[in-house]
Amino acid sequence: MMDDDAKELVRGLQRRDPDLLDRLIEQYQYRLFRYLVHLTGNRERAEDFFQETWVRVLERGHQYEGKWKFETWLFAIARNLVIDWQRRKKPASLDELMEPREDATPFEPATAAEDSPLAQAMQRQGESEMQVSLTQLPVIYREVLLLRFQEEMGLEEIATVMSTPLSTVKSRLYRGLEELRKSITEARA
Amino acid sequence: MNHELHVRAERLIAQERIEEISATERAWLAKHLDECTRCAAMASSTQQALASLRASSVDLPRGLASRTQMRVRMRAEELRERAPGKKILWAITAVSWGLGVATAPWVWHGFEWLGQHTGVPKPFWEMGFVLWWAIPAIIAAGAVILEKKDEQQII
């Protein structure tokens, strides 16, 4: 059973309410952009996909029935756009997306202005290790790890976003977690 | 220590974070980690990896939301401008179909009369009637296909 907010969201998307879309863009900008950056490995490309995703939300809003959480639908749209683009570019696995281009802007860890210089330095070092470890992970593992541990999505939600069987999501999570652990341990050794 | 115990511990360390483990399994794992430094180190490194993953952040490009909002609004405007055209097309198709259904008996007699007076064999004028009837359906199908194609190109 949908609550009133969910019903309002469905109705707003169906009538392409511009104010609602403005609010949603504000609300989900960080999570969606972070997901796209990690999925594509490139900030400029992630920004293009970010905008395309919201245009698609506008155009396909009438298809959202509130069956899943909005973010599940949103991430599935973003993911499909990336996959479609990759298929058009050349028929290859999604893994190739993760090969960083030489001209690509590297990940830029956010800095917290209120932290002390030491804390900032430690945070930067930790984030840098994480970014290196993440970029070394194949995208199929990176994606599930991000959805599970950054987005805090449930396993079934992840399966919906990825249009993948639950068993595949689980096996990728186990394998990905192990790969990440090894990678970070090696980076710190 | 038995190798299988380590394997079980490693599996539970991951499972605890990815899915769930029972209270019995949790108790067993806690006991094992107290006794086994290797597995305890593994649990700790897994925890650290996840903590780092959760803490990692990405800078948002300046003005990303406002640029996107503007683009979405422009697209919404385009879609609104195209909407009346689509409605007219559908209305014409519907009226055409309705008229076709309403006038079918007269048209049938018309084709029959024309066939008899021109000496055209019955299957030919019957075929003519079917084609005349099918035209609105063909137009409607064509309109739908064009619309879908257009949408796909845009998206």
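Reading guide: rules and limits
Numbers given to residues run from 1 along each chain, matching the order in which its sequence is written. Lettering of chains starts at A and numbering of ligands starts at 1, both following the order in which they are written. A pLDDT threshold of at least 70 governs which residues receive local features in this predicted model, and a stricter bar of 80 or more applies before side-chain atom pairs are shown or counted, although totals over entire chains, interfaces and linings include all residues. Side-chain figures throughout are based on the complete set of non-hydrogen atoms in the structure, without hydrogens or water. The helix count covers DSSP runs of H or I at least four residues long, the strand count covers runs of E at least two residues long, and both are numbered beginning at the N terminus. Categorising residues by exposure relies on relative accessible area from a 1.4 Å probe, with only protein chains included: less than 20% of the type maximum marks a residue as buried, more than 50% marks it as exposed, and the intermediate range marks it as partly exposed. Residues count as neighbours in contact if any of their non-hydrogen atoms are within 4.5 Å of one another. Surface exposure here means Shrake-Rupley accessible area, sampled with a 1.4 Å probe, where a residue is shielded only by the protein chains that are shown. Every angle, taken between N-to-C directions, lies between 0 and 180 degrees, and every axis is a line fitted to C-alpha atoms, over only the stretch in contact when it is a helix. Reported orientations rely on four angle classes, namely roughly parallel under 35 degrees, roughly antiparallel over 145, roughly perpendicular from 65 to 115, and oblique for the rest. A clockwise turn of the near helix away from the far one marks a right-handed crossing, whereas an anticlockwise turn of less than a right angle marks a left-handed crossing. For this classification, Asp, Glu, Lys and Arg are treated as charged, while Ala, Val, Leu, Ile, Met, Phe, Trp, Tyr, Cys and Pro are nonpolar and the rest, including Gly, are polar. Reported buried area values correspond to the accessible surface (1.4 Å probe) lost by two parts on association, with both partners' losses combined. Basic side-chain nitrogens of Lys or Arg form a salt bridge, by our definition, when they fall within 4 Å of a carboxyl oxygen of Asp or Glu. Contacts described as polar in this section are N or O atom pairs within 3.5 Å, which, within protein, must combine one atom able to donate a hydrogen with one able to accept it, while residues neighboring in sequence count only if both atoms come from side chains. A residue counts as positive if it is Lys or Arg and as negative if it is Asp or Glu; His and the chain ends are not included. A score between 0 and 100, pLDDT records how confident the predictor is in each residue. In plain words, nonpolar cores are sets of buried Ala, Val, Leu, Ile, Met, Phe, Trp, Tyr and Cys residues tied together by side-chain atoms within 4.5 Å.

Student: Quick question: what am I supposed to make of the overall build of chain A here?
Tutor: Across its full length, chain A holds 8 helices and 0 strands. The linear arrangement of helices and strands in chain A, starting from the amino end, is α-α-α-α-α-α-α-α. Every one of the 189 residues in chain A was classed for burial, and the buried ones make up 52%. Put simply, of all contacts in chain A between residues at least 6 apart along the chain, 63% involve residues at least 24 apart. With an accessible surface of roughly 9400 Å², chain A has 49% of that area assigned to carbon and sulfur atoms.

Student: Got a minute to help me understand the environment of Val101 of chain B in this structure?
Tutor: Residues and elements named next belong to chain B. Within the secondary structure, Val101 is located in helix 4 (residues 64–118). You can call Val101 partly exposed: its relative accessible area is 44%. Taking C-alpha positions, Val101 is 11 Å from Ala137, a pair spaced 36 residues apart along the chain.

Student: So what exactly am I meant to see when it comes to the packing of helix 6 (residues 139–150) of chain A against helix 7 (residues 155–162) of chain A here?
Tutor: How two helices sit against one another is set out by the angle between their axes and by the gap between those axes. Residues and elements named next belong to chain A. At a minimum axis distance of 10 Å, the contact between helix 6 and helix 7 shows a crossing angle of 135°. Between helix 6 and helix 7, the interaxial angle falls into the category oblique. Handedness of the crossing formed by helix 6 with helix 7: right-handed. Residues Glu143, Val144, Leu147 and Arg148 of helix 6 form the contact with helix 7, whose participating residues are Leu155, Ile158, Val161 and Met162. Partitioned by chemical class, the residues of the contact of helix 6 with helix 7 number 6 nonpolar, no polar and 2 charged.

Student: Please clarify how the interface of chain B and chain A should be interpreted in this entry.
Tutor: Many authors give the size of an interface as the accessible area that is lost as the parts come together. In this assembly, 35 residues from chain B lie in contact with 49 residues from chain A. Buried area between chain B and chain A, summed over both chains or domains, comes out near 4200 Å², and the portion from carbon and sulfur atoms is 59%. The interface formed by chain B and chain A holds 7 salt bridges in total. For the salt bridge of Arg73 of chain B with Asp22 of chain A, the shortest nitrogen-to-oxygen distance reads 2.6 Å. For the side of chain B that touches chain A, the secondary structure elements donating two or more residues are helix 1 (3–18), helix 3 (37–55) and helix 4 of chain B. In terms of residue class, the side of chain B that touches chain A is built from 17 nonpolar, 9 polar and 9 charged.

Student: Even after reading the chapter, I still don't get the environment of Thr68 of chain B, so can you show me in this structure?
Tutor: Relative to the assigned elements, Thr68 of chain B resides in helix 4. For Thr68 of chain B, a relative accessible area of 0% translates into the label buried. With residues up to four places along the chain from it excluded, the contact list for Thr68 of chain B reads Ile25, Phe50, Gln51 and Trp54 of chain A. There is a polar contact of 2.7 Å between the side chain of Thr68 of chain B and the backbone oxygen of Leu64 of chain B.

Student: Sorry if this is basic, but what is going on with unusual backbone geometry here?
Tutor: Glycine aside, residues mostly have negative phi angles, and peptide bonds mostly take the trans form. Residue and element names in this part refer to chain A. A positive phi angle, near 55°, is found at Arg16, a position not held by glycine. Topologically, Arg16 is positioned in the loop between helix 1 (4–14) and helix 2 (18–40). Judged by relative accessible area, which is 27%, Arg16 ranks as partly exposed.

Student: Is there a simple way to explain the side chain of Arg148 of chain A in this structure?
Tutor: Relative to the assigned elements, Arg148 of chain A resides in helix 6. Buried and without a salt bridge, Arg148 of chain A has Glu152 of chain A as its closest oppositely charged side chain, separated by 5.1 Å. Not counting the four nearest positions on each side in its chain, Arg148 of chain A is found in contact with Met153, Leu155, Ile158 and Leu173 of chain A together with Arg17 and Ile18 of chain B.

Student: How should I be thinking about the confidence of the model for chain B in this particular structure?
Tutor: When pLDDT drops low, the exact placement of atoms in the prediction is not to be read closely. All names here are of chain B. Summing up the model confidence of chain B, the mean pLDDT is 85 and the portion of residues at 70 or higher is 94%. Here helix 5 (residues 122–154) is the element of chain B with the lowest mean pLDDT, 74, and helix 2 (residues 23–35) is the one with the highest, 94. Both scores are given for the predicted complex: the pTM is 0.71, the ipTM 0.76.

Student: Any chance you could explain the nonpolar core here in plain terms?
Tutor: The tendency in soluble globular proteins is for nonpolar side chains to be buried as a group. Ranked by size, the top nonpolar core spans 61 residues in total, and within it Leu13, Trp54, Val57 and Phe70 of chain A carry the most contacts. Element by element, the count of residues in this core is highest for helix 2 of chain A, at 11 residues. Residue contacts for Leu13 of chain A: discarding those within four places in its chain leaves Leu20, Leu21, Leu24, Val57, Gly61, His62, Tyr64, Phe70 and Trp73 of chain A. Membership of the second largest hydrophobic core comes to 9 residues, among which are Ala9, Ile21, Cys36 and Ala43 of chain B.

Student: Can you help me understand the packing of helix 1 of chain B against helix 3 of chain B in this one?
Tutor: Residues and elements named next belong to chain B. Where helix 1 contacts helix 3, the axes come no closer than 10 Å and their chain directions differ by 20°. Taken together, helix 1 and helix 3 sit at an angle that is classed as roughly parallel. Seen along the crossing, helix 1 lies across helix 3 with a hand that is right-handed. Every residue of helix 3 that contacts helix 1 at His6, Ala9, Glu10, Ile13 and Arg17 is listed here: Arg38, Cys39, Met42, Ala43, Thr46, Gln47 and Leu50.

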